[in-house]
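Here are the chains, one letter per residue:
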Amino acid sequence: MSNLDVKGRIFDIQKFSIHDGPGIRTIVFLKGCILRCQWCCNPESQRFDIENMIVAGKNKIIGQDVTVREVLEKIKQDRAYYKRSGGGIALSGGECMCQPEFAKALLHECNEIGISTAIETTAAVDSDIVKYIIPEVDTILMDIKHTNSEKHKKFTGRDNKIILENAKIIAESDSDLIIRVPVIPTFNHTKEEIRDIARFAKTLKGVTRLHLLPYHRMGQDKYTGLDRNYILDGVETLSSDYMDMLLEVVLNEGLRGQIGG
């Protein structure tokens, strides 16, 4: 079967993003994720199943099956913007590595026509899948949420052993690896926890950048629309001054840090 005929399940395509890799990018959001992060802003991405969600009082079907050919046609519409900005495609989710055949085929076809590739990932999958996909990826934006395995499991549903192992594998590849940390109150928002993550990032070959992503509640209404509980209801966001203090921790570890992105 041709790469162009490989099917996958997505729930959105977002154009003109500037926060998901270099330049202007088209983000393809894939359905399905292994983790169940309590703060997830895309809860509709977690289950692979096609779902119904109430949005603005109306029922919306979340998820559609598409071919690489169909998605590629939409991506190609904005090639001029990619060329001018150094952008391209980014796969997100959910966890794009949960659909390895579709992700690999789509990334490969983009590479074949000179479109830069990026993925957002936790890499919480078998290492064989990571090794299968990363040769097609120029930029990898990888979440490292915590260094403590038990706390990671409490807040995401799984421990972090395979994630940390896969980070080392990715760092040895030719992809440009950027570590990102969603900073979540009650989970990983202390100076000590951010310092531990920064120090782990420094052990990864070639990694020089760490992005801190402030906690927000913009996806909370989606839980209501899916008839699901938002576990972190009532947890307050962190102030700009507090985030600046955490950024200073990262910078003091010798990494190039930023808030957002």
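How each quantity is defined
- Residues numbered from 1 in each chain as written.
- Predicted model: local features only at pLDDT ≥ 70, side-chain atom pairs only at ≥ 80, totals over all residues.
- Heavy atoms only, no water.
- UniProt positions renumbered as here; feature names shortened; annotations may be inferred.
- Helix = DSSP H or I, 4+ residues; strand = E, 2+ residues; numbered from the N terminus.
- Rg over C-alpha atoms; globule rule 2.2 N^0.38 Å.
- Buried < 20%, exposed > 50% of the residue type's maximum accessible area, 1.4 Å probe, protein only.
- Areas by Shrake-Rupley, 256 points an atom, 1.4 Å probe, with all protein chains shown as cover.
- Polar contact = N/O pair within 3.5 Å; in protein donor to acceptor, adjacent residues only side chain to side chain.
- Contact = heavy atoms within 4.5 Å.
- Salt bridge = Lys/Arg side-chain N within 4 Å of Asp/Glu carboxyl O.
- Arc of directions from axis to C-beta.
- Disulfide = S-S within 2.5 Å.
- Pairing = 2+ DSSP bridges.
- Axes fitted to C-alpha atoms, helices over the stretch in contact; angles between N-to-C directions.
- Left-handed = near helix turned anticlockwise from the far one by under 90°.
- Nonpolar A, V, L, I, M, F, W, Y, C, P; charged D, E, K, R; others polar.
- Phe/Tyr/Trp six-rings, centres within 6.5 Å; stacked < 30°, edge-to-face > 60°.

- Going by an unreviewed UniProt entry, the chain carries the name Glycyl-radical activating family protein and comes from Clostridium disporicum.
- Looking at the Cofactor (unreviewed entry) heading of the UniProt record, one finds this comment for the chain: "[4Fe-4S] cluster".
- In its Sequence similarities (unreviewed entry) section, the UniProt record describing the chain reads: "Belongs to the organic radical-activating enzymes family."

1. Observations regarding the overall build of the chain
Item 1. Helices and strands together make up the secondary structure of the chain, namely nine helices and eleven strands.
Item 2. A compact globule built from 261 residues would reach a C-alpha radius of gyration of about 18 Å, and the chain, at 18 Å, matches this within 12%.
Item 3. C-alpha extents for the chain along the principal axes are approximately 50 × 45 × 35 Å.
Item 4. The burial tally for the chain puts 52% of its 261 residues in the buried class.
Item 5. As displayed, the chain offers around 12300 Å² of accessible surface, 47% of which is attributable to carbon and sulfur atoms.

2. Side note on the side chain of N42
Item 1. Within the secondary structure, N42 sits in the loop between β2 (25–30) and β3 (51–55).
Item 2. Within the local environment of N42, its side chain forms a polar contact with the side chain of K222, the two groups lying 2.9 Å apart.
Item 3. When near neighbours in sequence (up to four residues on either side) are disregarded, N42 contacts F11, F29, G93 and K222.

3. Side note on the pattern of salt bridges
Item 1. Inspection of every chain in the model, using the stated rule, returns 15 salt bridges.
Item 2. Between K31 and E51 there is a salt bridge; the shortest N-O distance is 2.6 Å. Residue K31 is found in the loop between β2 and β3, and its partner E51 is found in strand β3; the two are separated by 20 residues along the sequence. For the pair K31 and E51, a shared accessibility class is recorded, and that class is buried.
Item 3. Of the charged contacts in the structure, one is a salt bridge between E253 and K202, with a shortest N-O distance of 3.3 Å. Of the two residues, E253 is situated in the loop between α9 (240–252) and β11 (256–259) and K202 in helix α7 (residues 191–202); the sequence distance between them amounts to 51 residues.

4. Quick look at helix α6 (residues 161–171)
Item 1. Here α6 has its buried residues at I163, L164, N166, A167, I170 and A171. All buried residues of α6 fall inside an arc of 165° around its axis, so they share one side.
Item 2. Where α6 is buried, its residues meet α4 (127–133), β8 (139–143), α5 (149–156), β9 (176–183) and α7.

5. Focus: the state of the cysteines
Item 1. Scanning all chains against the criterion turns up zero disulfides.
Item 2. C40 provides the cysteine sulfur closest to C41, a residue in no disulfide bond, and the two sulfurs are 5.8 Å apart.

6. What to know about the sheet that holds β8
Item 1. Reading across the sheet, the nine strands line up as β5-β1-β2-β6-β7-β8-β9-β10-β11 and stay open at both edges, with mixed pairing between neighbours. Whereas interior strands pair on both sides, the edge strands pair on one side only; in this sheet they are β5 (64–67) and β11. Neighbour to neighbour, the strand axes of the sheet diverge by 30° on average, direction disregarded.
Item 2. Two elements, strand β1 (residues 7–17) and β2, share five bridges in a ladder whose sense is antiparallel. Counterpart to D12 in the pairing with β2 is F29.

7. What about the packing of α7 against α9?
Item 1. At a closest axis distance of 9 Å, the pairing of α7 and α9 adopts a crossing angle of 35°. Relative to α9, α7 is oriented so that their crossing is right-handed. Of the residues in α9, those in contact with K191, I194 and R195 of α7 are M245, L246, V249 and V250.
Item 2. Its residues placed into classes, the contact of α7 with α9 shows five nonpolar, no polar and two charged.

8. A word on the packing of aromatic side chains
Item 1. Applying the stated criterion to the full structure yields five aromatic pairs.
Item 2. Here the aromatic residues W39, F155 and F187 are joined through ring pairs into a cluster of three or more.

9. Overview of the UniProt feature "domain: Radical SAM core" (unreviewed entry) in the chain
Item 1. Residues annotated in UniProt with the feature "domain: Radical SAM core" (unreviewed entry) correspond here to residues 19–256.
Item 2. Structurally, residues 19–256 comprises 36% helix and 21% strand, and the distance from its first C-alpha atom to its last is 16 Å.

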